[in-house]
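# Structural overview
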Amino acid sequence: MTRPRFGIVVFPGSNCDHDAYHVAKHVMDRDAVFLWHKDTDLQDSDVIIIPGGFSYGDYLRGGAIAQFSPIITEVRKHAERGGLVVGICNGFQVLTEASLLPGALIRNASRRFVCKEVFLKVENGDTAFTSKLDTSLPMRLHVAHGEGNYYADPDTLKRLEDENRVVFRYTDPTGNPTPESNPNGSSNNIAGIINERGNVLGMMPHPERCSESILGSVDGRGVFESMVDYIIGERVEATA
Amino acid sequence: MYKANITITLRQSILDPEGKAIEQALGSMIEGALSNVRVGKHIELFVNADSREKAHELVENACKKMLANPVMEDYTFTLEEAETVSA
(Lines give C-alpha, C1' and ligand atoms only; values in the text may rest on other atoms or scores of the structure.)
Protein backbone atom coordinates (compact mmCIF):
# COMPACT_ATOMS: atom_id res chain seq x y z
CA MET A 1 0.00 0.00 0.00
CA THR A 2 0.94 3.60 -0.32
CA ARG A 3 2.44 5.82 2.30
CA PRO A 4 1.70 7.91 4.22
CA ARG A 5 -0.30 5.67 6.50
CA PHE A 6 -3.26 7.24 8.28
CA GLY A 7 -4.12 5.85 11.74
CA ILE A 8 -7.68 6.61 12.77
CA VAL A 9 -8.38 6.39 16.50
CA VAL A 10 -11.63 4.67 17.47
CA PHE A 11 -13.23 5.31 20.86
CA PRO A 12 -16.53 3.86 21.97
CA GLY A 13 -18.84 6.55 20.60
CA SER A 14 -16.68 7.73 17.68
CA ASN A 15 -18.88 8.16 14.63
CA CYS A 16 -16.73 9.90 12.01
CA ASP A 17 -14.01 7.24 12.09
CA HIS A 18 -15.27 5.46 8.98
CA ASP A 19 -15.61 8.73 7.05
CA ALA A 20 -11.98 9.59 7.83
CA TYR A 21 -10.88 6.05 6.93
CA HIS A 22 -12.83 6.21 3.68
CA VAL A 23 -11.24 9.48 2.59
CA ALA A 24 -7.72 8.35 3.50
CA LYS A 25 -8.06 4.96 1.88
CA HIS A 26 -10.42 5.37 -1.06
CA VAL A 27 -10.29 9.06 -1.97
CA MET A 28 -6.61 9.64 -1.27
CA ASP A 29 -5.65 6.04 -2.12
CA ARG A 30 -3.37 5.79 0.90
CA ASP A 31 -2.78 3.27 3.65
CA ALA A 32 -5.30 3.51 6.51
CA VAL A 33 -5.76 1.59 9.74
CA PHE A 34 -8.14 1.82 12.68
CA LEU A 35 -6.56 2.23 16.13
CA TRP A 36 -8.74 0.96 18.98
CA HIS A 37 -8.68 3.12 22.11
CA LYS A 38 -7.24 0.31 24.21
CA ASP A 39 -4.37 -0.32 21.79
CA THR A 40 -0.84 0.81 22.56
CA ASP A 41 0.50 0.38 19.03
CA LEU A 42 0.08 3.08 16.38
CA GLN A 43 0.87 0.49 13.69
CA ASP A 44 3.56 2.70 12.22
CA SER A 45 1.06 5.38 11.22
CA ASP A 46 2.45 8.64 9.86
CA VAL A 47 -0.67 10.70 10.51
CA ILE A 48 -3.01 10.20 13.46
CA ILE A 49 -6.61 11.29 13.05
CA ILE A 50 -8.78 11.67 16.14
CA PRO A 51 -12.23 11.66 14.58
CA GLY A 52 -15.54 13.23 15.51
CA GLY A 53 -18.28 11.64 17.55
CA PHE A 54 -19.11 11.31 21.20
CA SER A 55 -16.17 9.47 22.74
CA TYR A 56 -17.27 7.71 25.93
CA GLY A 57 -20.70 9.29 25.48
CA ASP A 58 -19.20 12.74 26.15
CA TYR A 59 -19.49 11.84 29.84
CA LEU A 60 -18.05 14.47 32.19
CA ARG A 61 -17.04 16.76 29.28
CA GLY A 62 -16.43 16.20 25.56
CA GLY A 63 -13.04 14.47 25.30
CA ALA A 64 -12.48 14.42 29.07
CA ILE A 65 -12.34 10.66 29.45
CA ALA A 66 -10.76 9.91 26.08
CA GLN A 67 -7.59 11.76 27.11
CA PHE A 68 -6.83 8.96 29.60
CA SER A 69 -7.12 6.12 27.09
CA PRO A 70 -4.01 3.99 26.34
CA ILE A 71 -3.96 5.04 22.67
CA ILE A 72 -3.76 8.74 23.60
CA THR A 73 -0.58 8.06 25.59
CA GLU A 74 0.93 6.81 22.31
CA VAL A 75 -0.55 9.69 20.31
CA ARG A 76 1.12 12.07 22.77
CA LYS A 77 4.50 10.39 22.13
CA HIS A 78 3.88 10.56 18.37
CA ALA A 79 3.23 14.31 18.69
CA GLU A 80 6.36 14.76 20.82
CA ARG A 81 8.39 13.07 18.06
CA GLY A 82 6.98 15.65 15.63
CA GLY A 83 4.44 13.31 14.03
CA LEU A 84 1.26 14.77 12.54
CA VAL A 85 -1.93 14.64 14.62
CA VAL A 86 -5.26 16.07 13.57
CA GLY A 87 -8.32 16.21 15.82
CA ILE A 88 -11.63 16.87 14.10
CA CYS A 89 -14.69 18.01 16.09
CA ASN A 90 -14.76 15.70 19.13
CA GLY A 91 -11.11 15.00 18.28
CA PHE A 92 -10.37 18.72 18.76
CA GLN A 93 -12.03 18.49 22.19
CA VAL A 94 -9.84 15.48 23.03
CA LEU A 95 -6.69 17.41 22.03
CA THR A 96 -7.55 20.39 24.25
CA GLU A 97 -8.48 18.13 27.16
CA ALA A 98 -5.16 16.30 26.72
CA SER A 99 -3.38 19.71 26.70
CA LEU A 100 -1.92 18.99 23.26
CA LEU A 101 -3.64 22.22 22.22
CA PRO A 102 -4.48 25.26 24.39
CA GLY A 103 -7.96 26.44 25.36
CA ALA A 104 -11.24 24.58 25.56
CA LEU A 105 -14.43 23.99 23.59
CA ILE A 106 -17.49 25.02 25.52
CA ARG A 107 -21.21 24.83 24.83
CA ASN A 108 -22.33 26.70 21.71
CA ALA A 109 -23.43 30.22 22.61
CA SER A 110 -26.86 29.43 21.14
CA ARG A 111 -27.09 26.31 23.36
CA ARG A 112 -28.21 24.49 20.20
CA PHE A 113 -26.52 21.72 18.29
CA VAL A 114 -25.46 23.26 14.97
CA CYS A 115 -25.35 21.17 11.81
CA LYS A 116 -24.75 23.35 8.76
CA GLU A 117 -22.46 24.51 6.03
CA VAL A 118 -19.91 27.16 7.02
CA PHE A 119 -17.27 29.21 5.27
CA LEU A 120 -13.72 29.14 6.54
CA LYS A 121 -10.85 31.41 5.75
CA VAL A 122 -7.48 29.68 5.67
CA GLU A 123 -5.48 32.12 7.79
CA ASN A 124 -2.23 30.23 7.57
CA GLY A 125 -1.50 28.34 4.36
CA ASP A 126 2.02 27.54 5.42
CA THR A 127 1.41 24.51 7.63
CA ALA A 128 1.59 20.74 7.19
CA PHE A 129 -2.23 20.73 7.07
CA THR A 130 -2.94 23.66 4.77
CA SER A 131 -0.17 23.94 2.16
CA LYS A 132 -2.45 22.62 -0.60
CA LEU A 133 -5.39 24.86 0.28
CA ASP A 134 -6.41 27.96 -1.60
CA THR A 135 -5.95 30.86 0.80
CA SER A 136 -7.53 33.44 -1.51
CA LEU A 137 -11.08 32.09 -1.21
CA PRO A 138 -12.96 30.79 1.85
CA MET A 139 -13.49 27.03 1.92
CA ARG A 140 -16.92 25.51 2.28
CA LEU A 141 -17.11 22.83 4.99
CA HIS A 142 -19.69 21.34 7.32
CA VAL A 143 -19.96 21.65 11.09
CA ALA A 144 -22.03 19.41 13.38
CA HIS A 145 -21.51 19.99 17.08
CA GLY A 146 -23.04 21.14 20.34
CA GLU A 147 -19.80 22.16 22.02
CA GLY A 148 -17.62 23.96 19.50
CA ASN A 149 -17.34 27.37 21.09
CA TYR A 150 -13.59 27.90 21.26
CA TYR A 151 -12.55 29.58 24.49
CA ALA A 152 -9.13 30.64 25.77
CA ASP A 153 -8.00 33.37 28.13
CA PRO A 154 -6.99 36.70 26.52
CA ASP A 155 -3.24 36.01 26.82
CA THR A 156 -3.56 32.66 25.07
CA LEU A 157 -5.72 34.18 22.32
CA LYS A 158 -3.17 36.93 21.76
CA ARG A 159 -0.37 34.38 21.54
CA LEU A 160 -2.31 32.23 19.07
CA GLU A 161 -2.96 35.28 16.87
CA ASP A 162 0.58 36.68 17.16
CA GLU A 163 2.14 33.33 16.31
CA ASN A 164 -0.15 32.77 13.32
CA ARG A 165 -1.56 29.63 14.93
CA VAL A 166 -5.20 30.38 14.14
CA VAL A 167 -5.35 28.30 10.99
CA PHE A 168 -9.07 28.44 10.16
CA ARG A 169 -11.58 31.19 10.94
CA TYR A 170 -15.36 31.24 10.35
CA THR A 171 -16.22 33.91 7.80
CA ASP A 172 -18.97 34.95 5.45
CA PRO A 173 -18.72 33.78 1.81
CA THR A 174 -16.45 36.72 0.99
CA GLY A 175 -13.98 35.99 3.78
CA ASN A 176 -15.07 38.47 6.46
CA PRO A 177 -15.17 37.08 10.02
CA THR A 178 -18.58 38.52 10.91
CA PRO A 179 -20.54 37.61 14.09
CA GLU A 180 -23.29 36.13 11.86
CA SER A 181 -20.84 33.72 10.24
CA ASN A 182 -19.70 32.38 13.63
CA PRO A 183 -21.84 29.25 14.22
CA ASN A 184 -21.02 28.69 17.88
CA GLY A 185 -19.73 31.88 19.52
CA SER A 186 -16.02 30.99 19.24
CA SER A 187 -13.57 33.68 20.39
CA ASN A 188 -12.21 35.57 17.36
CA ASN A 189 -14.31 33.28 15.08
CA ILE A 190 -11.70 30.55 15.62
CA ALA A 191 -12.47 27.26 13.84
CA GLY A 192 -9.05 25.59 13.97
CA ILE A 193 -5.65 26.04 15.61
CA ILE A 194 -2.23 24.40 15.60
CA ASN A 195 0.27 23.82 18.38
CA GLU A 196 3.52 25.72 18.75
CA ARG A 197 5.53 23.19 16.78
CA GLY A 198 2.95 23.09 14.00
CA ASN A 199 2.40 19.32 13.94
CA VAL A 200 -0.91 19.13 15.86
CA LEU A 201 -4.11 20.58 14.36
CA GLY A 202 -7.53 20.82 15.97
CA MET A 203 -10.58 21.92 13.98
CA MET A 204 -14.34 21.80 14.54
CA PRO A 205 -15.48 21.60 10.86
CA HIS A 206 -15.30 18.26 9.07
CA PRO A 207 -12.91 18.08 6.09
CA GLU A 208 -13.59 14.33 5.79
CA ARG A 209 -17.24 15.03 5.04
CA CYS A 210 -16.34 17.42 2.23
CA SER A 211 -13.84 15.49 0.13
CA GLU A 212 -16.04 14.19 -2.69
CA SER A 213 -18.21 16.12 -5.11
CA ILE A 214 -21.15 13.77 -4.50
CA LEU A 215 -21.24 15.13 -0.94
CA GLY A 216 -21.52 18.73 -2.08
CA SER A 217 -18.01 20.04 -1.48
CA VAL A 218 -14.46 18.90 -2.12
CA ASP A 219 -12.84 21.72 -0.18
CA GLY A 220 -11.82 19.44 2.70
CA ARG A 221 -9.72 17.20 0.50
CA GLY A 222 -6.92 19.76 0.50
CA VAL A 223 -6.32 19.13 4.20
CA PHE A 224 -5.60 15.46 3.42
CA GLU A 225 -3.55 16.39 0.33
CA SER A 226 -1.46 18.80 2.40
CA MET A 227 -0.66 16.12 4.98
CA VAL A 228 0.26 13.60 2.26
CA ASP A 229 2.48 16.18 0.60
CA TYR A 230 4.16 17.00 3.91
CA ILE A 231 4.89 13.37 4.81
CA ILE A 232 6.22 12.55 1.34
CA GLY A 233 8.43 15.64 1.47
CA GLU A 234 9.70 14.58 4.87
CA ARG A 235 10.58 11.12 3.51
CA VAL A 236 12.41 12.54 0.53
CA GLU A 237 14.37 14.78 2.89
CA ALA A 238 15.21 11.84 5.15
CA THR A 239 16.61 9.77 2.29
CA ALA A 240 18.40 12.63 0.52
CA MET B 1 -13.11 6.79 54.93
CA TYR B 2 -14.36 10.16 53.71
CA LYS B 3 -17.16 11.21 51.43
CA ALA B 4 -16.46 14.08 49.06
CA ASN B 5 -19.17 16.32 47.64
CA ILE B 6 -17.75 18.12 44.63
CA THR B 7 -19.36 21.04 42.81
CA ILE B 8 -18.14 22.09 39.37
CA THR B 9 -19.33 25.24 37.63
CA LEU B 10 -18.23 27.25 34.62
CA ARG B 11 -15.77 29.97 35.58
CA GLN B 12 -17.30 33.36 36.31
CA SER B 13 -15.59 34.83 33.25
CA ILE B 14 -17.43 32.39 30.98
CA LEU B 15 -20.99 32.99 29.90
CA ASP B 16 -23.28 30.24 31.16
CA PRO B 17 -26.12 30.23 28.60
CA GLU B 18 -28.03 27.52 30.45
CA GLY B 19 -27.91 29.56 33.66
CA LYS B 20 -29.02 32.65 31.73
CA ALA B 21 -32.01 30.84 30.23
CA ILE B 22 -33.06 29.58 33.65
CA GLU B 23 -32.59 33.02 35.16
CA GLN B 24 -34.87 34.58 32.55
CA ALA B 25 -37.56 31.98 33.21
CA LEU B 26 -37.24 32.46 36.96
CA GLY B 27 -37.46 36.20 36.49
CA SER B 28 -40.86 35.87 34.89
CA MET B 29 -41.98 33.77 37.86
CA ILE B 30 -40.69 35.77 40.84
CA GLU B 31 -39.79 39.24 39.71
CA GLY B 32 -36.25 40.33 40.51
CA ALA B 33 -35.78 38.13 43.58
CA LEU B 34 -33.56 35.46 42.04
CA SER B 35 -30.43 36.29 40.07
CA ASN B 36 -26.98 35.13 38.91
CA VAL B 37 -27.96 31.57 38.11
CA ARG B 38 -25.02 29.27 37.37
CA VAL B 39 -25.57 25.65 36.38
CA GLY B 40 -22.97 23.05 37.30
CA LYS B 41 -22.31 19.45 38.15
CA HIS B 42 -22.41 17.59 41.42
CA ILE B 43 -20.11 14.61 41.91
CA GLU B 44 -20.01 12.40 44.99
CA LEU B 45 -17.24 9.95 45.74
CA PHE B 46 -15.69 8.09 48.62
CA VAL B 47 -12.05 8.43 49.58
CA ASN B 48 -10.11 5.77 51.39
CA ALA B 49 -7.56 7.82 53.32
CA ASP B 50 -6.15 7.82 56.85
CA SER B 51 -6.46 11.53 57.40
CA ARG B 52 -8.57 14.44 56.23
CA GLU B 53 -5.43 16.08 54.82
CA LYS B 54 -4.67 13.04 52.69
CA ALA B 55 -8.30 12.81 51.52
CA HIS B 56 -8.22 16.50 50.63
CA GLU B 57 -5.05 16.03 48.61
CA LEU B 58 -6.48 13.06 46.69
CA VAL B 59 -9.74 14.84 45.80
CA GLU B 60 -7.91 18.05 44.88
CA ASN B 61 -5.74 16.04 42.50
CA ALA B 62 -8.75 14.26 40.95
CA CYS B 63 -10.47 17.62 40.37
CA LYS B 64 -7.40 19.21 38.81
CA LYS B 65 -6.49 16.30 36.58
CA MET B 66 -9.86 15.07 35.44
CA LEU B 67 -13.14 16.06 37.10
CA ALA B 68 -12.84 19.76 36.23
CA ASN B 69 -11.16 21.48 33.30
CA PRO B 70 -9.36 24.46 34.86
CA VAL B 71 -9.46 26.33 31.53
CA MET B 72 -13.22 26.73 31.80
CA GLU B 73 -14.37 25.43 35.16
CA ASP B 74 -14.06 26.14 38.89
CA TYR B 75 -14.56 23.50 41.53
CA THR B 76 -15.20 23.36 45.26
CA PHE B 77 -15.67 20.37 47.53
CA THR B 78 -16.45 19.40 51.08
CA LEU B 79 -15.34 16.29 52.93
CA GLU B 80 -17.30 14.45 55.58
CA GLU B 81 -16.29 11.42 57.58
CA ALA B 82 -18.14 8.32 56.43
CA GLU B 83 -18.42 4.96 58.15
CA THR B 84 -19.07 2.77 55.13
CA VAL B 85 -19.48 3.23 51.41
CA SER B 86 -23.15 4.07 51.18
CA ALA B 87 -24.90 7.19 50.07
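In case you missed it, the structure is sitting above this.
Counting restarts for each chain, with residues numbered from 1 along the sequence as it is written. Chain A is the first chain written and ligand 1 is the first ligand written, with later ones labelled in order. A pLDDT threshold of at least 70 governs which residues receive local features in this predicted model, and a stricter bar of 80 or more applies before side-chain atom pairs are shown or counted, although totals over entire chains, interfaces and linings include all residues. Note that the side-chain values use all heavy atoms of the structure and ignore hydrogens as well as water.

What follows deals with the nonpolar core. Here, nonpolar core refers to any group of buried Ala, Val, Leu, Ile, Met, Phe, Trp, Tyr and Cys residues whose side-chain atoms link them within 4.5 Å. Relative accessibility decides the category of a residue: with a 1.4 Å probe and only protein chains considered, values under 20% of the type maximum give buried, values over 50% give exposed, and everything between is partly exposed. Membership of the largest hydrophobic core comes to 67 residues, with the highest contact counts inside it found for Ile50 and Phe168 of chain A. Strands here are runs of E lasting at least two residues and helices are runs of H or I lasting at least four, both read from the DSSP assignment and numbered beginning at the N terminus. Looking at this core element by element, the count peaks at 5 residues for helix H5 (residues 221-239) of chain A. Ranked by size, the runner-up nonpolar core spans 14 residues in total, among them Ala4, Val59, Cys63 and Ala68 of chain B.

A few words on the packing of aromatic side chains. Residues and elements named next belong to chain A. Two aromatic rings from Phe, Tyr or Trp, using only the six-membered ring of Trp, form a pair when their centres are within 6.5 Å; if the ring planes differ by under 30 degrees the pair is stacked, by over 60 it is edge-to-face, and anything between is tilted. Throughout the structure, instances matching the rule amount to 4 aromatic pairs over all chains. Taking the centre distance of 4.4 Å and the plane angle of 15 degrees together, the rings of tyrosine 21 and phenylalanine 34 count as stacked. Here phenylalanine 34 lies in strand E2 (residues 31-36) and tyrosine 21 lies in helix H1 (residues 17-27), a separation of 13 residues in the sequence. By relative accessible area, which is 18% here, tyrosine 21 ends up buried. When its relative accessible area of 29% is taken as the criterion, phenylalanine 34 is described as partly exposed. For the ring pair phenylalanine 92 and tyrosine 150, a centre distance of 6.0 Å and an interplane angle of 10 degrees mean the geometry is stacked. A residue pair is termed long-range when its members are at least 10 positions apart, and phenylalanine 92 in helix H3 (residues 90-97) and tyrosine 150 in strand E8 (residues 149-151) qualify at 58 residues. According to the relative accessible area criterion, phenylalanine 92 is buried, its value standing at 1%.

Within this scheme a cavity is a closed region of a 1 Å grid, computed over the protein atoms alone, that accommodates a 1.4 Å probe without allowing it to escape, whereas a pocket is open but has protein on both sides within 12 Å along at least five of seven lines; lining residues each have an atom within 4 Å of a point. Grid points are joined across faces, edges and corners, and a volume is the space filled by probe spheres set on the points. Space inside the largest pocket adds up to approximately 550 Å³. Looking at the lining of the largest pocket, the elements with two or more residues in it are H3, strand E5 (104-106) and E8 of chain A together with strand E1 (2-10), helix H1 (17-29) and strand E2 (40-47) of chain B. Ten residue types, Ala, Val, Leu, Ile, Met, Phe, Trp, Tyr, Cys and Pro, are classed as nonpolar, four, Asp, Glu, Lys and Arg, as charged, and the remainder, Gly among them, as polar. Its residues assigned to classes, the lining of the largest pocket comprises 13 nonpolar, 8 polar and 8 charged. Empty space within the second largest pocket amounts to approximately 240 Å³. Every residue lining the second largest pocket is counted, 17 residues in all, and those nearest its centre are Thr96, Glu97 and Ser99 of chain A together with Asn69 and Pro70 of chain B. Listing elements by their share of the lining of the second largest pocket, those giving two or more residues are H3 of chain A together with helix H2 (52-67) of chain B.

This paragraph deals with the interface of chain B and chain A. Should any heavy atoms of two residues lie within 4.5 Å, those residues are considered in contact. Across the boundary between the two partners, chain B contributes 15 residues, which contact 15 residues of chain A. Simply put, the buried area is the total loss of 1.4 Å probe accessible area from both parts when two parts are fitted together. In this assembly, chain B packs against chain A so that about 1,300 Å² is buried in total across both faces, 65% of it on carbon and sulfur atoms. Whenever a carboxyl oxygen of Asp or Glu lies within 4 Å of a side-chain nitrogen of Lys or Arg, that contact is scored as a salt bridge. Counting every contact that joins chain B to chain A gives 2 salt bridges. The definition of a polar contact used here is a pair of N or O atoms within 3.5 Å, where within protein one atom must be able to donate a hydrogen and the other to accept one, and adjacent residues in sequence count solely through side-chain atom pairs. Joining chain B to chain A, the criterion identifies 5 residue pairs in polar contact (both at pLDDT 80 or more). Those elements that provide at least two residues to the side of chain B that touches chain A are H1, E2 and H2 of chain B.

Residue and element names in this part refer to chain A. Relative to the assigned elements, asparagine 90 resides in helix H3. Among the polar contacts made by the side chain of asparagine 90, one reaches the side chain of aspartate 58 at a distance of 3.5 Å. With residues near it in sequence (within four places) discarded, asparagine 90 still touches Pro51, Gly52, Gly53, Phe54, Ser55, Asp58, Gly62 and Gly63.

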